[in-house]
Amino acid sequence: MTTPTLDNLILPDDVVWTDELDFSPVAQTITPTLTGAIIVEENAVPAGRPITLKGIATLALVKQLKTTEALINHQMPLVLSDGQTKTVIFKRPGVSANSLIGDVSDPDINDPYEFTLNLMEVAV
């Protein structure tokens, strides 16, 4: 098992890729003709695959991810726990997070947050 990372930030070991099996590497367009026949066109989709990661992390990590999200046109290496490596960008909004202990006026950097990373693969 590999330690998952995003742009060299260490992600939790139990981060989950929630939409891994939802992507099709082939795009299809179906056009009906005047006679009722159909024309089917298919093309490979070399990039644009959504990668949604969910997990629980400290507020400190969430803040680091939010800092990275603020970078414009920033391509990042993503290493998943199974060893897969992808080149990704944030699909905006890129980072969302919610405190697991409720609203606190002065949260500690070690407080747990549930987070979602919305990414998109830009190279294969």
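Treat the numbers as computed from the prediction; the structure is a model and nothing was measured. (Residues numbered from 1 in each chain as written. Predicted model: local features only at pLDDT ≥ 70, side-chain atom pairs only at ≥ 80, totals over all residues. Heavy atoms only, no water.)

Q: What is the right way to look at the pattern of salt bridges in this model?
A: Where charged atoms of side chains with opposite charge meet at close range, the side chains can pair. Taken as a whole, this structure holds 1 salt bridge when the rule is applied. Put simply, K66 and E69 hold a salt bridge, and the shortest N to O gap is 2.9 Å. One end of the pair, K66, and the other, E69, are both in helix α1 (residues 59–69), 3 residues apart, so they sit about a helical turn from each other. Overall, K66 belongs to the partly exposed group, its relative accessible area being 40%. (Salt bridge = Lys/Arg side-chain N within 4 Å of Asp/Glu carboxyl O. Helix = DSSP H or I, 4+ residues; strand = E, 2+ residues; numbered from the N terminus. Buried < 20%, exposed > 50% of the residue type's maximum accessible area, 1.4 Å probe, protein only.)

Q: Where do I start with the sheet that holds strand β3 (residues 16–17) in this structure?
A: The pairing of strands in a sheet comes from backbone hydrogen bonds and takes either a parallel or an antiparallel form. Strand order in this open sheet of 7 strands is β2-β1-β7-β8-β9-β6-β3, and the pairing throughout is antiparallel. Strand pairing shows two members of the sheet lacking a second neighbour, β2 (9–10) and β3, which therefore form its edges. Inspection of the sheet shows strand β1 (residues 5–6) paired to strand β7 (residues 76–79) by 2 bridges, in the antiparallel sense. Bridge assignment links L6 to a residue of β7, and that residue is L78. On the sheet, α1 packs against β1, β2, β6 (50–58), β7, β8 (85–99) and β9 (112–123) and is oriented at approximately 125° with respect to β8. (Pairing = 2+ DSSP bridges. Contact = heavy atoms within 4.5 Å. Axes fitted to C-alpha atoms, helices over the stretch in contact; angles between N-to-C directions.)

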